Amino acid sequence: MNAKQSTLIGKLSLLVVAMFAFGYALVPLYDVFCDITGINGKTAAEPVSAEEAIVDTSREITIEFIARPNQQMPWIFKPEVRRMTVHPGEIHVMNYLAENPTIRSIVGQAVPSVSPGRAALFFHKIECFCFTQQYLAGGKDMLMPLQFYVDPALPAQYSTITLSYTLYDVTAQWQPDEHDNASEFGE
């Protein structure tokens, strides 16, 4: 191998390392960008208070509910209702149904997404099963509540908001604490 080939291989190797580093850094940069612009559809990860919400009876917003388990999650997971019409500022409770058809206990974690993404800034969860990991013994089922309201400041251009949850099996990472719905794993 001559000197030109060695130089070319060195430059190409450096380019591959730089591309990998850029790809690795892209995820946190994307998260920062989405947090700033509000276009990613993420909702708050912690509960909010509805004390200052004023109901706007002149408007109606349609909320669509979608639930899907990740491919590795064997639970049956679905919303109790698929669509609901609400007035901004009104507090509502909606349940999701979860069933573990296996014989083993599984811990799930729901990750929410709101569409359109900018509407996520106006969709407020007071209580949500997505705030904590959910334990479900084999062969059992449960209702998982969501208490929410739509902020009256939601721009008029939005008349429909879609709330989607993806449910993941996090049994391998589960560390029980006083906030979980099971005192110890394995009953």
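Thresholds, definitions, all that
- Here the residue numbers are simple positions, counted from 1 along each chain's written sequence.
- Per-residue local features of the predicted model are confined to residues with pLDDT of at least 70, and side-chain atom pairs are confined, for both listing and counting, to 80 or more; whole-chain, interface and lining totals are unaffected and use all residues.
- Each side-chain value is worked out from all heavy atoms of the structure, with water and hydrogens disregarded.
- Helix and strand definitions here come from DSSP, where helices need a minimum of 4 consecutive H or I residues and strands a minimum of 2 consecutive E residues; each element is numbered from the N-terminal end.
- Remark: exposure states derive from per-residue accessible area (1.4 Å probe, protein chains only) relative to the maximum for the residue type, with buried under 20%, exposed over 50%, and partly exposed in between.
- We call two residues contacting when some pair of their heavy atoms lies within 4.5 Å.
- Under the convention used here, a 1.4 Å probe and the Shrake-Rupley method define accessible areas, while residue burial counts only the protein chains that appear.
- Side-chain atoms within 4.5 Å link the members of a nonpolar core, which is a set of buried Ala, Val, Leu, Ile, Met, Phe, Trp, Tyr and Cys residues.
- Paired strands are those between which DSSP finds at least two bridges.
- Interaxial angle, 0 to 180 degrees, is taken between N-to-C directions of lines fitted to C-alpha atoms, where a helix line uses only the stretch in contact.
- A carboxyl oxygen of Asp or Glu within 4 Å of a side-chain nitrogen of Lys or Arg is what we treat as a salt bridge.
- To count toward a patch, a residue needs a relative accessible area above 30% and no salt bridge. Like charges then connect within 9 Å, nonpolar side chains (Val, Leu, Ile, Met, Phe, Trp, Tyr) within 5 Å.
- Any pair of cysteine sulfurs within 2.5 Å is marked as a disulfide.

As recorded in an unreviewed UniProt entry, the protein goes by Cytochrome c oxidase assembly protein CtaG and comes from Alkalimonas collagenimarina.

Concerning the overall build of the protein
What the protein contains, in helices and strands, is one helix and nine strands. Start at the N end of the protein and walk to the C end: the helices and strands fall as α-β-β-β-β-β-β-β-β-β. Residues counted as buried form 38% of the 187 residues belonging to the protein. Taking contacts inside the protein between residues at least 6 apart in sequence as the whole, the part at least 24 apart equals 76%. Carbon together with sulfur atoms contributes 58% to the accessible area of the protein, which is approximately 11300 Å² in total.

With respect to unusual backbone geometry
A cis geometry characterises the amide bond from Ser 115 onward to Pro 116, with omega recorded as -5°. By the element assignment, Pro 116 lies in the loop between strand E5 (106-115) and strand E6 (123-128).

Overview of the nonpolar core
Most often, soluble globular proteins have nonpolar side chains that are buried together. With 34 residues, the main nonpolar core has Tyr 96 and Tyr 165 as its most contacted residues. Going through the elements one at a time, strand E1 (61-69), strand E3 (83-86), strand E4 (92-99), E5, E6, strand E8 (141-150) and strand E9 (160-169) are the ones with two or more residues in this core. Ranked by residues supplied to this core, first place goes to E8 with five residues. Among the nonpolar cores identified, the runner-up in size contains five residues, and Tyr 135, Ala 137, Val 170 and Trp 174 belong to it.

A few points about the pairing of E5
By the criterion of burial, E5 is predominantly enclosed, with seven of the 10 residues buried. Pairing between E5 and strand E7 (residues 134-136): three bridges, direction antiparallel. Considered in E7, the bridge of Val 107 is made with Tyr 135. Where E5 meets E9, eight bridges bridge the pair, whose relative direction is antiparallel. Bridge pairing links Gly 108 to Asp 169 in E9.

Things to note about the pairing of E6
Most of E6 is tucked away: five of the six residues are buried. Bridging between E6 and E8 involves five bridges; their strand directions are antiparallel. Bridging across to E8, Phe 123 finds its partner in Val 150.

A few points about the sheet that holds E5
Taken in spatial order, the five strands make up an open sheet running E3-E1-E9-E5-E7, and their pairing is mixed. Looking along the sheet, the strands with just one partner apiece sit at the ends: E3 and E7. Here the average twist between neighbouring strands, direction ignored, is 30°.

Remarks on the pattern of salt bridges
Enumeration according to the criterion identifies two salt bridges in this entry. With its nearest N and O atoms 3.6 Å apart, the salt bridge here joins Arg 104 to Asp 169. Of this pair, Arg 104 sits in the loop between E4 and E5 while Asp 169 is found in strand E9, placing the two residues 65 residues apart along the sequence. We classify Arg 104 as partly exposed; its relative accessible area is 41%.

Brief notes about a nonpolar patch on the surface
Together, Leu 8, Leu 12, Leu 15 and Met 19 line one region of the surface with nonpolar side chains, adding up to about 400 Å² of accessible area. If you trace the backbone, Leu 15 turns up in helix H1 (residues 3-37). On the accessibility criterion, Leu 15 (46% relative accessible area) is partly exposed.

Remarks on the state of the cysteines
Taken as a whole and assessed by the stated rule, the structure comprises one disulfide. The disulfide partner of Cys 128 is Cys 130, and the S-S distance across this bridge is 2.4 Å. Looking along the S-S bond of the Cys 128-Cys 130 disulfide, the torsion reads about 130°, which is the right-handed sense. Here Cys 128 and Cys 130 have matching classes, each one buried.

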